[in-house]
Amino acid sequence: DNRWGTFPSAAFAWKINEEGFMQGSNLFSNLKLRLGYGVTGQQDVGSDYPYLSRYTPSEPTAQYQFGNDFFATLRPEGYDANIKWEQTETLNAGLDWAIRSGRVSGAIDVYSRKTKDLLSVIPVPAGSNLTNQILTNVGNIENSGVEFTLNTRLIEKEKLSWDFGFNVTFNQNEVTNLTKVPNPNYQGVLVGGISGGVGNTLQIHTVGFPTFSYFVQKQVYDEGGKPVEGLYADLNGDGQVNLDDRYRYQQADPRLFLGINSQINIEDFSLSFVLRGNFDNYVYNNVVSNNGTYRGLTGTNNFLLNLSPNVLETGFLNNQYFSDYYIENGSFLRLDNLTLGYNLKGLLGGTSNTQISLIGQNLFTITKYSGLDPEIAGGIDNNVYPRPRILSFGLNVSF
């Protein structure tokens, strides 16, 4: 019944610089106020036919025997007949501006995005359905923030020009609901599976906290600042130290995004670059937590394993997967692209134009993160394939 949806949108713009009261001003060539509102739907419900009653046949190794015959069974699956699409409601207000000389322009945007009816697998009471877990619409998330953009021509001469621009975005993320019925005692949804152990998770969605918050134990250190193996803070004060003492610590998603671009032209030479950065995001170093113990000197088959050098810092004998010691600052600034070009006019005669270029991609990354790459989707680093550094030469000829 929910295969159809209504997703309205509307936008409004006001060119303030064209109003009569601005005619006497020579400051702005563009001054425009923008307002926008819209609702979008996420049509992928995550599985096949979750709204229909359906049956799953048993495996060949799980049949019932009657005499000498074996019979397959049909297991009813849980379903939600009222399941529907996730919806995101976005409200945006922005101001575009440009100085009349055209050498300085920019924009500032303030936005709010509220996503509701998030799809999630939640536990259900026994006997109320055909399963103890069901995929349904439950959960709300809010994202809000501000973005500022500036573009300018710093130098403009006959044989020399320099363009420079940057944008910076601050985003605040928060889970606002996770249950069908309000429950202030609900811990949240455990997510973020890791390598090591069976079913271990390091993250949690909890109302009032950012998505993918790390759910770990607070490591205790000795006087020299070295982590003490197996010793954690008793945060709930019950006199015992166990997984009940886990706390929500930092988040995987950045709170601040930065982009910088620049291009310099000197006669027939050109130089451009693009810098990009994420800040205030954290990464769980699963490579170190899984391989940084002396227990790994010999594996289960008594052969030598590859150890992380971090074991020399901790001295851990056994894995301490839930220690907040392994949560590292993943902030970074990366040089995504650097291009040097030269224009050889008339090289091939006539009106031909020849341009050669030298391009470098992913040339360097400034970060405190000790792993291969701080830019990890989801925030769990367990042996990602590293981004390559690419150098290329280009030749472009036109007639």
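In short, a report on the structure. These numbers were taken from a predicted model, which means no experiment stands behind them. Each residue is numbered by its place in its chain's sequence as written, counting from 1. In keeping with the predicted nature of the model, local features appear solely for residues at pLDDT of at least 70, side-chain atom pairs appear and are counted solely at 80 or more, and the whole-chain, interface and lining totals rest on all residues. Values shown for side chains rest on all heavy atoms present in the structure; no hydrogens or waters enter the calculation.

Observations concerning the nonpolar core
Phase 1: Core analysis: the biggest nonpolar cluster contains 16 residues, and I194, L202, Y214, Y284, Y326, I327 and I380 have the highest contact counts within it.
Phase 2: What counts as a helix is a DSSP run of H or I of at least four residues, what counts as a strand is a run of E of at least two, and both are numbered from the N terminus. Every element with two or more residues in this core is listed here: β15 (213-216) and β21 (282-285).
Phase 3: For this analysis, a nonpolar core means a set of buried residues of the types Ala, Val, Leu, Ile, Met, Phe, Trp, Tyr and Cys, connected via side-chain atoms within 4.5 Å. We call a residue buried when its accessible area falls under 20% of the maximum for its residue type, exposed when it is over 50%, and partly exposed in between, using a 1.4 Å probe and counting protein chains only. Of all hydrophobic cores here, the second largest spans 6 residues; its members include L118, V175, L178 and V191.

Let's talk about the pattern of salt bridges
Phase 1: When a carboxyl oxygen of Asp or Glu lies within 4 Å of a side-chain nitrogen of Lys or Arg, that pair is called a salt bridge. Here the structure, examined in full by the defined rule, presents 14 salt bridges.
Phase 2: In this structure, R153 and D163 form a salt bridge, with 2.6 Å as the shortest nitrogen-oxygen distance. Of this pair, R153 sits in strand β11 (residues 140-156) while D163 sits in strand β12 (residues 160-177), and the two are 10 residues apart along the sequence.
Phase 3: With its nearest N and O atoms 2.7 Å apart, the salt bridge here joins R276 to D336. Taken together, the positions of R276 in strand β20 (residues 269-279) and D336 in strand β23 (residues 332-345) put the pair 60 residues apart, joining distant regions of the chain.
Phase 4: By sharing partners, the salt bridges in this structure join R276, R334, D336, D373, E375 and R387 into a single network.

A look at the pairing of β20
Phase 1: Strand pairing is defined by DSSP finding a minimum of two bridges between the two strands. As paired strands, strand β19 (residues 256-266) and β20 are joined by 11 bridges and run antiparallel to one another. If you follow I264 over to β20, its bridge partner there is L271.
Phase 2: Here β19 hands over to β20 after 2 residues, with E267 in that stretch at a positive phi of 55°.
Phase 3: In this sheet, β23 lies alongside β20 in antiparallel orientation, the contact comprising 10 bridges. Each bridged residue has a counterpart across the sheet, and for F269 the counterpart in β23 is Y342.

Digging into the environment of Y55
Phase 1: Following the sequence through the fold, Y55 ends up in strand β3 (residues 55-57).
Phase 2: Considered as a pair, Y55 and I194 are 139 residues apart in the sequence and their alpha carbons are 32 Å apart.
Phase 3: Not counting residues within four places of it along the chain, the set of residues in contact with Y55 comprises L74, R75 and P76. Note on contacts: a residue pair is in contact if any heavy atoms of the two residues lie within 4.5 Å.

Observations concerning the sheet that holds strand β26 (residues 380-381)
Phase 1: Pairing is mixed in the open sheet, where 3 strands are placed in the order β22-β21-β26. Every other strand in the sheet has two partners, leaving β22 (327-329) and β26 as the edge strands with one partner each.
Phase 2: The sheet contact formed by β21 and β26 spans 2 bridges and is parallel. Following the sheet pairing, Y284 is matched in β26 by I380.

Describing the pairing of β23
Phase 1: The sheet contact formed by β23 and strand β25 (residues 365-367) spans 3 bridges and is antiparallel. Paired with L333 across the two strands is I366, which belongs to β25.
Phase 2: Across 9 bridges, β23 lies against strand β24 (residues 353-361) in antiparallel orientation. Paired with Y342 across the two strands is I356, which belongs to β24.

Worth remembering: the numbers are spatial, not functional.
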